[in-house]
Structure formats: C-alpha cells, structure tokens
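# Descriptive analysis of the structure
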Amino acid sequence: MSSKENAKKKLLEILNQSISREIAVSIQYMWNHVMAIGTNAEDIGGVFEDFAKVEMKHAEKFAERIWYRVESQQQSLPK
Ligand SMILES: [Fe+2]
C-alpha cells in the first residue's frame, strides 16, 4: 500500500473515531440533561441539552467530511 493510500486510510480511521467520540459525548450530555435534579435543574439541564446538540452537530460535520471523501473518490474512478 502506498504512503498516499496509508494516509487516506488513517484519515478515514481518525474521522470515524471522531464521530464516535462526538456521539459518545453527546449521549453523556443528554443523560446529564435528563438526570438534572434539584432547584436549578431546569437551567442546568437546559445547558446540558444545548451541549448535547452542539456535540451532535460536531459529529455531523465529521460525517459530512467522510461523505465528501467518498464522493470525491467515486468521481475520480474511471467510467
Ligand atoms: Fe465536539
């Protein structure tokens, strides 16, 4: 495998790991939102909910980057 192919493979691996991490963090924040209790639960829970949404958007960005790579590779294939 060429160094260029190795680099592509490593990049895809890192992007997939990044999506996984963002989703895991989003789920953690979502649970913090759901489990917020006490007098400030509404405010604190809302902050965690916002964080969960932000982290999910990060996962979306990584997914879009992977899809861009897939589309680019398909367009470069001989027809
Ligand atoms: Fe993030």
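### Digging into the overall build of the protein chain
- When helices and strands are tallied, the protein chain shows 2 helices and 0 strands.
- With the C-alpha coordinates of the protein chain rotated into their principal frame, the extents come out at 60 × 25 × 10 Å.
- The buried share of the protein chain, reckoned over its 79 residues, is 5%.
- Of all intrachain contacts in the protein chain linking residues separated by at least 6 positions in sequence, the fraction that spans at least 24 positions is 61%.

### Topic: the environment of E60
- For E60, the position within the fold is in helix α2 (residues 41-76).
- Along the backbone, E60 and I23 are 37 residues apart, and their C-alpha atoms lie at a distance of 9.4 Å.

### Some points on the environment of D50
- Within the secondary structure, D50 is located in helix α2.
- Overall, D50 belongs to the exposed group, with 12 C-beta atoms counted inside 10 Å.
- Spatially, the C-alpha atom of D50 lies 9.7 Å from that of S26, the residues being 24 residues apart in sequence.

### What to know about the packing of helix α1 (residues 3-35) against α2
- Look at α1 against α2: their axes get within 8 Å of each other, and the N-to-C directions meet at 165°. Viewed along their axes, α1 and α2 adopt a mutual orientation that is roughly antiparallel. The chirality of how α1 crosses α2 is left-handed.

Analysis parameters
Residues numbered from 1 in each chain as written. Predicted model: local features only at pLDDT ≥ 70, side-chain atom pairs only at ≥ 80, totals over all residues. Helix = DSSP H or I, 4+ residues; strand = E, 2+ residues; numbered from the N terminus. Buried ≥ 20, exposed ≤ 12 C-beta atoms within 10 Å, placed from the backbone. Contact = placed C-beta atoms within 7 Å. Axes fitted to C-alpha atoms, helices over the stretch in contact; angles between N-to-C directions. Parallel < 35°, antiparallel > 145°, perpendicular 65-115°, else oblique. Left-handed = near helix turned anticlockwise from the far one by under 90°.

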